[in-house]
Amino acid sequence: MIGSTITVRAVDDFKVASVRVAIYSAVGDLMEQGDAVLEANGLDWLYTATVANGAIAGCRVRAVAKDLPANETVYDVTVE
């Protein structure tokens, strides 16, 4: 749903520089992606959905966190 939020907690031994979120449909099509915003606690990153999604079950959410040396970590979650 447009305006729904996804919170990603990203921690690193250096500093997390950015978190990018992508949402894929149940059949694997990219529906939307964008940068998350760092919350005031310095740990959580918030992404706000911008595209309507009528079929949430089976969708995949991917978060890619990048630290200051530009190392990336990818985390995927499938919505049930």
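No experiment lies behind these values; they were computed from the predicted model shown.

## Thoughts on the sheet that holds strand 5 (residues 44-48)
Now for step 1: On the basis of which strands lie adjacent, the open sheet formed by 3 strands has the order 1-5-4 and antiparallel pairing. With partners counted over all chains shown, the strands left at the sheet margins are strand 1 (5-9) and strand 4 (37-38), one partner each.

## Thoughts on the side chain of Ser25
Now for step 1: Its place among the elements puts Ser25 in the loop between strand 2 (16-24) and strand 3 (30-35).
Now for step 2: With a relative accessible area of 16%, Ser25 lands in the buried category.
Now for step 3: When near neighbours in sequence (up to four residues on either side) are disregarded, Ser25 contacts Met31, Gly58 and Cys59.

## Regarding the nonpolar core
Now for step 1: By size, the foremost hydrophobic cluster in this structure holds 12 residues: Val8, Ala10, Val16, Val19, Val21, Ile23, Ala36, Trp45, Tyr47, Val61, Ala63 and Ala65.
Now for step 2: When contributions to this core are tallied by element, the ones reaching two or more residues are strand 2, strand 5 and strand 6 (60-67).
Now for step 3: The element contributing the most residues to this core is strand 2, with 4 residues.
Now for step 4: Apart from the residues within four sequence positions on either side, Ala36 is in contact with Val19, Val21, Trp45, Leu46 and Tyr47.

## Observations regarding the pairing of strand 2
Across a regular strand the side chains alternate sides, sitting on one face of the sheet and then on the other.
Now for step 1: Taken together, the 8 bridges between strand 2 and strand 6 define a ladder with antiparallel strand orientation. Within the sheet, the bridge partner assigned to Val21 lies in strand 6 and is Ala63.
Now for step 2: Sheet topology places strand 2 next to strand 3; 5 bridges connect them, and they run antiparallel. Directly across from Tyr24, in strand 3, lies its bridge partner Leu30.
Now for step 3: Where strand 2 folds back on strand 3, the antiparallel hairpin that results is connected by 5 residues, among which Gly28 adopts a positive phi of roughly 95°.

Scoring rules and cut-offs
- Residues numbered from 1 in each chain as written.
- Predicted model: local features only at pLDDT ≥ 70, side-chain atom pairs only at ≥ 80, totals over all residues.
- Heavy atoms only, no water.
- Pairing = 2+ DSSP bridges.
- Helix = DSSP H or I, 4+ residues; strand = E, 2+ residues; numbered from the N terminus.
- Buried < 20%, exposed > 50% of the residue type's maximum accessible area, 1.4 Å probe, protein only.
- Contact = heavy atoms within 4.5 Å.
- Core = buried A, V, L, I, M, F, W, Y, C linked by side-chain atoms within 4.5 Å.

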